[in-house]
Amino acid sequence: MSLLKKVFLVDLFQGLWVTFRNQHPKHLVTEQYPAERPMVAERYRGAPRLNINPENGETLCIACNLCALACPETLIVVTSERNEQTKRKELTTFTYDTSRCMFCGLCEDACPVDALELTQDFELASYTREGQIWDRQMLEEGPRPTPYKC
Amino acid sequence: MTPDATFLDSTELVLNMGPQHPSTHGVLRVILKLDGEKVLGTDCVLGYLHRGVEKIAENRTWAQFNPYVDRMDYVAAISNGLGYCLAVEKLLNLEVPGRAQAVRVILTELNRIGSHLLWLGTHALDIGAITPVFYCFREREATLNIFEKYCGARLTTHAFRVGGLQYETYEGFEKEVNEFCDMFLPKVDEYEELLTGNRIWIGRLKDVGILTGEECKEYGVTGPVLRAAGVKWDLRKAQPYSGYEKYEFDIPTCQNGDTYDRYMVRMQEMRQSVRIIRQAVASIPEGPIMGKAPKVIKPPVGEAYVSIEAPKGELGYYVVSDGSTQPYRVRVRPPSFINLQALDRMIAGGLVADVVAIIGTLDIVLGEVDR
Amino acid sequence: MAATPWDSELARELKERFGDRIIETSTYLGQNFIVTKPDAAIPVLEYLKLEADFDYLVDVTAVDWPKRPERFDLVYIVYSFARNERVRIKTYLPEGFKPESSVGVHLTANWLEREVYDMFGIQFAGHPDLRRILMPDEWQGHPLRKDYSILRQDQTWVRENLEIESGQ
């Protein structure tokens, strides 16, 4: 570095000029969460949901247990009952422990009928450990976070 | 009164740094032996983040273990996933389709940029420059958005599967990646404007923590640290995997092997990554994204060692199969763990303030050190 | 596909030099490995480093086979920058056998052997600083042994030091 450049602090002003340029309002990138809701991607792997048929309100789940077998943390428990009239397995309970879930998506990949899905909901906090264990009703309805008021 | 010789002698001071110290990048604990400001020796205490990843592997199926590897080097989760998938594919003797390979390269290189950006931001913060961390995170966000759109997760991505890919690229993937490249190169120049010529930056980094090429080999140090010492070695060139032989890029090297050189090497590497991404995006072949992987992965009895050039150095997986659906043993060769071993040699004779600079320049992630 | 004999200059040289102390030189999936008797591993590593340019010790690890009389595989992976070649050196160790430390040949081995000791309980003779590295010093048992299951972990240590019941 030449002496003149050193004396006139050229290197420092060069850096300061970068910081100054970046002060322009068009460079603002901060998201004002929770006042401003972030748009997550379509494929986002968030809260699990057990899909129901919109026409008759029946569950799409065929109780095949593949998701429970695919899960690395074995946090899904599916129970079913055999319907004597139709000779088919029918879902009775479905429990999903979100506190141990790492949202890897393996259960979703395993599901043959697209009944289990990881959705775009990402606010999963609850006040108790038990609140993290979702039953069938919770999975079908989805989480209901308290809306933020300014 | 004659000056007492023992009075002038200083006693050795033992100082504990970490595990809750912001500049140890996680939960590293270093016990420093000091003579005044000078560091006489160090002793690293590890294991605060030990989760037994290798034991977990033995209790999962081959496919189920895949998401866990993301949680080692969580800054470069995609690299970890690539290494593991390549290792299992080697055991299965499986060919991955060209399209999957190209997408894998694009995502891993984006991840390398993200990892280097996080390193740059935190390293500069350690040294005392606050601004770069904001800029680096701003650009890293762009890479994370691409990951999120591609596979649905930002950090622990679980992007690849054994045999290829689970997800097809989304609409506008190529365009978005190209836009990122165009946007990113001027930003690297901007970081360099902030730091490269800055007298404080140079003063704190030049001739600090020198590690020569010979010492690097002795300690098994790889990655940018090795290249900064003048050894032109990169696994992507030496033993290409996932189609890296198709792309043209240089291996940036420096000569002195000090902290400043390691900074320069990583800055150049980000530019080279952009070069690779551009070529890969321009030539993504059409075709299937999944190879002939069996539904239930059951590799034949045997073992393989496969390693890749992760952002931190050589990341290796030594996998042993006993012919069942579960791994018999998965050994991870973590670059951070082995690079950290050289800390003692790099610090010897330095000052306390340099400890932070040297830990920063090694670019360790404690999730990977402790596994 | 089974391992096939590894036919190369280096394999012949090694066999000539070490004779029956080298049990096997093979290739599997394009990766070369040598199986040596336990006392020959360090001389082989030294020979490879000094005479054949294998100057970078990539990894030291072990595999537990509890049903075998020689219970552990001890695996060294070395790489040569000049040849761009990787070789694995394997030895079979019975339980309680104390292999010689390789720190004298490669400094990298220091932490790697500490980790093997920590995880498998293999004690290296002549290691400068053989302590646990990832687990706490007072921990009982060696986690990566096959007979060490998650339910048999050191409950006492957890209770005394973390004041929780294990499994929480």
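Residues numbered from 1 in each chain as written. Chains lettered and ligands numbered in written order. Predicted model: local features only at pLDDT ≥ 70, side-chain atom pairs only at ≥ 80, totals over all residues.

### Observations regarding the overall build of chain B
Put simply, the rule reads: Each helix corresponds to a stretch of at least 4 residues labelled H or I by DSSP, and each strand to a stretch of at least 2 residues labelled E; elements are numbered beginning at the N terminus. Atoms counted for the radius of gyration: C-alpha only. Globule rule: 2.2 Å times the number of residues to the power 0.38. Any residue with 12 or fewer other C-beta atoms within 10 Å of its own C-beta is exposed, any with 20 or more is buried, and the rest are partly exposed; the C-beta atoms used are placed from the backbone. Whether two residues are in contact depends on their C-beta atoms, placed from the backbone: they are in contact if these lie within 7 Å.
Looking only at helices and strands, chain B features 16 helices and eight strands. At 22 Å, chain B has a C-alpha radius of gyration in line with the 21 Å of a compact globule built from 371 residues. Projecting the C-alpha coordinates of chain B onto the three principal axes gives extents of approximately 90 × 50 × 35 Å. The 371 residues of chain B split such that 54% are buried. Sequence-distant contacts in chain B: of pairs separated by 6 or more residues, those separated by 24 or more amount to 71%.

### Description of the sheet that holds strand β1 (residues 13-17) of chain B
Within a sheet, adjacent strands bond to each other through the backbone by hydrogen bonds, running parallel or antiparallel. All names here are of chain B. In plain terms, the rule: Two strands qualify as a pair provided that DSSP identifies no fewer than 2 bridges between them. Note on geometry: axes are C-alpha line fits, over the in-contact stretch for helices, and angles between N-to-C directions span 0 to 180 degrees.
The three strands lie next to each other as β1-β2-β3, forming an open sheet whose pairing is antiparallel. The sheet terminates laterally at β1 and β3 (38-45), the two strands that pair on one side only. Across this sheet, the average inter-strand angle for adjacent strands is 25°, counted without regard to direction. Note: strand β2 (residues 29-35) against β3, seven bridges, orientation antiparallel. Across the sheet, L32 pairs through a bridge with T42, a residue of β3.

### Details of helix α4 (residues 77-92) of chain B
Residue and element names in this part refer to chain B. Note the threshold: Multiplying 1.5 Å by the residue count of a helix minus one yields the expected span of that helix.
Spanning 16 residues, α4 covers 23 Å between terminal C-alpha atoms, matching the ideal 22 Å at 1.5 Å per step. The element α4 is extensively covered by neighbouring structure, given that 16 of its 16 residues are classed as buried. Remark: N93 follows α4 within two positions and exhibits a positive phi of approximately 55°.

### Some thoughts on the arrangement of the chains
Ranking the two pairs of chains in contact by number of contacts places chains B and C first. One finds no contact between chain A and chain C; the C-alpha atoms of the two approach each other to within 12 Å at their closest.

### Re the interface of chain A and chain B
Accessible area lost upon the coming together of the parts serves often as the stated size of an interface. Counted only if it meets this: By the convention adopted, Pro, Cys, Tyr, Trp, Phe, Met, Ile, Leu, Val and Ala count as nonpolar, Lys, Arg, Asp and Glu as charged, and the other residues, Gly among them, as polar.
The partner chain B presents 20 residues to the 19 residues of chain A that form the contact. Those elements that place two or more of their residues in the side of chain A that touches chain B are α2 (10-21) and α4 (106-110) of chain A. Examining the composition of the side of chain A that touches chain B, we find that six residues originate from one element, α2 of chain A, more than from any other. Tallied by class, the residues present in the side of chain A that touches chain B amount to eleven nonpolar, four polar and four charged.

### A few points about the interface of chain C and chain B
Taken together, the 25 residues of chain C in the interface contact 30 residues of chain B. For the side of chain C that touches chain B, the secondary structure elements donating two or more residues are β4 (56-64), β5 (72-80) and α3 (109-120) of chain C. When residues in the side of chain C that touches chain B are grouped by element, the largest group, six residues, is from β4 of chain C. Looking at side-chain class alone, the side of chain C that touches chain B contains 17 nonpolar, five polar and three charged residues.

### Structural notes on unusual backbone geometry
Residue and element names in this part refer to chain A. With an omega of 5°, the peptide bond running from Y33 to P34 counts as cis. Checked against the element boundaries, P34 lands in the loop between α2 and β1 (48-50). The phi angle at A63 is positive, at roughly 55°, despite the residue not being glycine. In the Ramachandran plot, F103 falls in the positive-phi region, its phi being about 55° despite a non-glycine side chain. Mapped onto the elements of the fold, F103 is located in the loop between β3 (88-97) and α4. Overall, the presence of 21 C-beta atoms within 10 Å leaves F103 in the buried class.

### Considering the nonpolar core
Selection rule: Residues enter a nonpolar core if they are buried, belong to Ala, Val, Leu, Ile, Met, Phe, Trp, Tyr or Cys, and are joined to the set through C-beta atoms within 7 Å.
Among the nonpolar cores identified, the biggest contains 173 residues, and V88 and I106 of chain B together with V78 of chain C are the most heavily contacted of them. Sorting elements by how many residues they give to this core places helix α5 (residues 98-127) of chain B first, with 14 residues. Sequence-distant contacts of V78 of chain C, that is, excluding residues within four places in its chain, are made with L45, L48, F54, Y56, L57, V58, V87 and I89 of chain C.

### What to know about the pairing of strand β8 (residues 329-333) of chain B
Residues and elements named next belong to chain B. Burial within β8 is extensive, with five of its five residues counted as buried. Across the two faces of β8 the burial is the same, with R329, R331 and R333 and V330 and V332 all buried. The pairing of strand β7 (residues 313-321) with β8 spans five bridges and is antiparallel. Residue Y318 lies in a different strand from β8, and its bridge partner there is R331.

Shape is all these values report; function is a separate question.
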